[in-house]
Amino acid sequence: MVQKVVIIGAGPAGLLLAHYLLRRCNYNIDIYERRRDPRLTDISSDRTFPISLQKRGRKAIQAIAGLEEAIAAQSVFCEGTILYGKKGKLRQIPRQNPVLTIDRNRLVSILLKHLNETSSPNQVKVHFNCECTAVDGTAKTVTLHPKEGDSFTADYDLLVGADGARSQVREYLAHNAGFTCSQNYVPDAYKSVFLSRLNPSAGVELEPNKIHVYNLNNQARMLMVPQPGDQLHGVIIFGAENNPLEGLSTKEEVHTFCQEKFPIFGQLMSLEEAEALLKRPVARVLTVRCDRFHEGDSMLLIGDAAHAVSPSIGQGCNSSLEDVLILGQLLEQYGDDWDQVLPKFSEQRVPDAHALRELSDYTFPRQKFLVVEFFLRTMVKRLFHRWFPDWVKPFVFDLVLDTDLPYSQVLSLSQGWINKVKRSST
Ligand SMILES: Cc1cc2nc3c(=O)[nH]c(=O)nc-3n(C[C@H](O)[C@H](O)[C@H](O)COP(=O)(O)OP(=O)(O)OC[C@H]3O[C@@H](n4cnc5c(N)ncnc54)[C@H](O)[C@@H]3O)c2cc1C
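These numbers were taken from a predicted model, which means no experiment stands behind them. The residue count restarts for each chain, going from 1 along the sequence in the order it is written. Whole-chain, interface and lining totals are the exception, using all residues; otherwise, since this is a predicted model, local features are given only for residues with pLDDT of at least 70 and side-chain atom pairs are given and counted only at 80 or more. Excluding hydrogens and water, the side-chain figures rest on all heavy atoms present in the structure.

Describing the sheet that holds strand 11 (residues 181-196)
Next, step 1: Strand order in this open sheet of eight strands is 3-5-4-14-15-16-11-17, and the pairing throughout is mixed. What marks the edges here is a single partner per strand, and that holds for strand 3 (50-53) and strand 17 (283-290). The sheet shows a mean angle of 35° between the axes of neighbouring strands, taken without regard to direction.
Next, step 2: A pair of strands counts as paired when DSSP detects no fewer than two bridges linking them. A run of H or I in DSSP counts as a helix once it spans at least four residues, and a run of E counts as a strand once it spans at least two, with each numbered from the N terminus. Examined bridge by bridge, strand 4 (residues 76-84) and strand 14 (residues 211-216) share four bridges and lie parallel to one another. Among the inter-strand pairings, Ile82 is bridged to a residue of strand 14, identified as His212. Only the stretch in contact is used when fitting a helix axis, every axis being a line fitted to C-alpha atoms; angles between N-to-C directions are given from 0 to 180 degrees.

Structural notes on the sheet that holds strand 9 (residues 152-155)
Next, step 1: With respect to topology, three strands assemble into an open sheet ordered 7-8-9, the strand pairing being antiparallel. Every interior strand has two partners, whereas the edge strands, strand 7 (130-136) and strand 9, have only one. For this sheet, the mean inter-axis angle between neighbouring strands, taken without regard to orientation, is 30°.
Next, step 2: Here strand 8 (residues 141-146) runs beside strand 9; their pairing, made up of four bridges, is antiparallel. Its bridge partner lying in strand 9, Val142 is registered against Ala154.

Considering the packing of helix 1 (residues 12-24) against helix 4 (residues 104-118)
Next, step 1: Contact geometry of helix 1 with helix 4 gives a least axis separation of 9 Å together with a crossing angle of 20°. One finds that helix 1 runs roughly parallel with respect to helix 4. As for how helix 1 packs across helix 4, the hand of that crossing is left-handed. In this structure, helix 1 contributes Pro12, Leu15, Leu16, Ala18, His19 and Leu22 to the contact, and helix 4 contributes Arg104, Leu107, Val108, Leu111, Leu112, His114, Leu115 and Thr118.
Next, step 2: Any residue outside Ala, Val, Leu, Ile, Met, Phe, Trp, Tyr, Cys, Pro, Asp, Glu, Lys and Arg is labelled polar, Gly included; the first ten of those are nonpolar and the last four are charged. Looking at the contact of helix 1 with helix 4 residue by residue, the class counts come to 10 nonpolar, three polar and one charged. For this classification, under 35 degrees means roughly parallel, over 145 means roughly antiparallel, 65 to 115 means roughly perpendicular, and everything else is oblique. Left-handed is the label given to a crossing in which the near helix is rotated counterclockwise from the far helix by less than a right angle, and right-handed is the label when the rotation is clockwise. Any two residues whose heavy atoms approach within 4.5 Å are treated as being in contact.

As for the environment of Asp404
Next, step 1: Secondary-structure assignment places Asp404 in the loop between helix 13 (396-402) and helix 14 (407-424).
Next, step 2: Spatially, the C-alpha atom of Asp404 lies 22 Å from that of Thr81, the residues being 323 residues apart in sequence.
Next, step 3: Those residues in contact with Asp404, other than ones at most four positions away along the chain, are Lys55, Arg56, Lys59 and Glu322.
Next, step 4: Polar contact is defined as a pair of N or O atoms within 3.5 Å, subject to the rule that within protein one atom must be able to donate a hydrogen and the other to accept it, and that residues adjacent in sequence are counted only when both atoms are side-chain atoms. A polar contact of 2.6 Å, which involves the side chain of Asp404, links it to the side chain of Lys59.

A word on the site of the ligand
Next, step 1: The environment of the ligand is formed by 32 residues, the closest being Glu33, Ser52, Asp304, Gly316 and Cys317.
Next, step 2: One of the side-chain nitrogen or oxygen atoms of Arg104 is found 3.0 Å away from an oxygen atom of the ligand.
Next, step 3: For the ligand, whose accessible area on its own is 1,000 Å², the fraction buried by protein is 92%.
Next, step 4: A per-class count over the shell around the ligand returns 14 nonpolar, 11 polar and seven charged. The rule for a residue being near a molecule or strand is that one of its heavy atoms must lie within 4 Å of it. Computed with the Shrake-Rupley method and a 1.4 Å probe, the accessible areas treat only the protein chains shown as cover for residues.

Focus on empty space enclosed by the protein
Next, step 1: Only protein atoms enter the 1 Å grid used here. Points where a 1.4 Å probe fits but cannot escape make up a cavity, open sets with protein on both sides within 12 Å along at least five of seven lines make up a pocket, and a residue lines them when an atom lies within 4 Å of a point. Grid points are joined across faces, edges and corners, and a volume is the space filled by probe spheres set on the points. Per the stated rule, a full pass over the model turns up two cavities of 30 Å³ or more.
Next, step 2: In this structure, the largest cavity occupies an estimated 60 Å³ of space.
Next, step 3: Together, 10 residues line the largest cavity, and Arg35, Arg36, Pro38, Arg104 and Val108 are the ones closest to its centre.
Next, step 4: Grouping the amino acids of the lining of the largest cavity by side-chain chemistry returns three nonpolar, two polar and five charged.
Next, step 5: Put simply, the second largest cavity is a space of about 40 Å³.
Next, step 6: Lining the second largest cavity we find Val288, Arg289, Cys290, Ala306, His307, Ala308, Val309, Ala353, His354 and Arg357.
Next, step 7: Only strand 17, helix 9 (304-307) and helix 11 (338-362) provide two or more residues apiece to the lining of the second largest cavity.
Next, step 8: When grouped by side-chain class, the residues that make up the lining of the second largest cavity number six nonpolar, two polar and two charged.

Topic: the domain arrangement of the protein chain
Reports of interface size often rely on the accessible area that becomes lost once the parts have come together.
Next, step 1: For the protein chain, the assigned domains are domain 1 (3-77 + 103-184 + 286-360), domain 2 (78-102 + 186-284) and domain 3 (366-424).
Next, step 2: The interface is formed by nine residues belonging to domain 2 together with eight residues belonging to domain 3.
Next, step 3: The term buried area means the drop in 1.4 Å probe accessible area that two parts suffer when joined, counted for both and summed. Interface area for domain 2 against domain 3, summed over the two sides, is near 820 Å², with a carbon-plus-sulfur share of 39%.
Next, step 4: Every case where a carboxyl oxygen of Asp or Glu lies within 4 Å of a side-chain nitrogen of Lys or Arg is listed as a salt bridge. Our count for the contact surface shared by domain 2 and domain 3 stands at three salt bridges.
Next, step 5: A salt bridge links Arg366 to Asp188; its shortest N-O distance comes to 3.2 Å.
Next, step 6: Our count for the contact surface shared by domain 2 and domain 3 stands at five residue pairs in polar contact (both at pLDDT 80 or more).
Next, step 7: Ranked by residues supplied to the side of domain 2 that touches domain 3, first place goes to strand 5 (residues 90-103) with seven residues.
Next, step 8: Partitioned by chemical class, the residues of the side of domain 2 that touches domain 3 number three nonpolar, three polar and three charged. A domain assignment, automatic or from a database, supplies the domain bounds used here.

Observations regarding the side chain of Arg280
Next, step 1: Tracing the backbone through its elements, the reader meets Arg280 in the loop between helix 8 (271-279) and strand 17.
Next, step 2: Polar side-chain contacts of Arg280 include one of 2.9 Å to the side chain of Glu273.
Next, step 3: Beyond its immediate chain neighbours, meaning those up to four positions away, Arg280 contacts Lys191, Ser192, Val193, Phe194 and Glu273.

Considering the pattern of salt bridges
Next, step 1: Considering all chains together, one arrives at 26 salt bridges under this definition.
Next, step 2: The partner of Asp398 in a salt bridge is Arg95, with the nearest N and O atoms 3.0 Å apart. You can see Asp398 sitting in helix 13 and its partner Arg95 sitting in strand 5, a full 303 residues away along the chain. Take Asp398 and Arg95: they sit in the same class, and that class is buried.
Next, step 3: Among the ionic contacts, a cluster of salt bridges with common partners joins Arg56, Glu322, Asp323, Arg349 and Asp352. Under the scheme applied here, a residue whose accessible area is under 20% of the maximum for its type counts as buried, over 50% as exposed, and between as partly exposed, the area being computed with a 1.4 Å probe on protein chains only.

What follows is the structure in structure tokens.
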């Protein structure tokens, strides 16, 4: 029997899930997304930022024929990071396995395009500018509010909340199904930044396949990632209570600020971008922790809606895509019996999501002496792992990025380090 699936949220998790379900043939899918269609707008006009995908996220994408190739064609593979210090000092941190970097909205556009190309409108419909405003788990309906026109309801056999950290579906579950969920803001806030990688008149040309980071006194940093067409997309990150741009009111002031405080990026910033940066809103990152991800056989949370984390080790999207991979494996194993699949998904995924939270909060230390120790340990473990692969495992960050060991295993292998960083930050 064909089942009616409603997915709230056309982000990376919701769209990849639609791809997976379509391969199984017995689903009719409606996706409701409150934003406009990203394919019809300039990439920088909606909130966006660069995402790096590694082993876990890429493995999930590889299951859909042709999808990874389509994403790779609009990505840049970065082979390491350059840290810029004051007085022009540089530190190179190479990566053995390049990471695929792509703008979040571009990734979403490719997932949408591929979905259109590989399915018919009878199988899947994506409704943009259409916000889910209420859920009724007893009647199995959702209320949708389009930007234009009247609200309406849609019924479902299975409802998937893929609606990000501020999930409406999770709100319903927390208030009506006894879910224990907590939400916290990370201390940092950010603004998106868009630059060119080149400024021939100033003789500046940043390397095309490296992530570029400039740290300003532990209070603020700029992280810029190369994108196709000699673009750099990134963010300026600062303490939420300590926005260095707050006192600035003109594009000239922002331009001068960036040239003085982040000279390598200031030289690449036009006055137009300085003005846009001034106007862009400050964004905060909300983290989410839930004790389960499903209700009965008809409601499920995936991605940030279930387990949003700090972006410090770049795992939010990787883990969201991995959710879909694991769900796909369970559907295969239990012959699409959601009554069995959903509890198994929570059982397998909740411990990993909680471990990921610890890893995201405590892999990177803030204290200078621990930062040095972190890099030393990483280098030494890389060397010994190369010589004795069966005896020595890579250090925590490499385990997260370059393997698909469950996050709970990575945490137990790295618990000593995580505890040390945790103690240092209390
Ligand atoms: C600055 C920054 C850098 C990051 N870098 C990385 C990185 O390098 N690597 C990595 O793996 N992760 C990274 N992340 C995390 C990553 O962006 C998220 O984990 C990922 O986007 C989660 O995907 P999702 O589909 O679950 O949720 P989202 O991407 O949040 O998508 C949810 C969608 O649901 C829609 N929606 C919300 N509410 C409703 C509603 N009521 N009705 C209808 N639609 C709704 C939203 O508009 C949105 O399109 C970063 C995050 C930030 C903030």
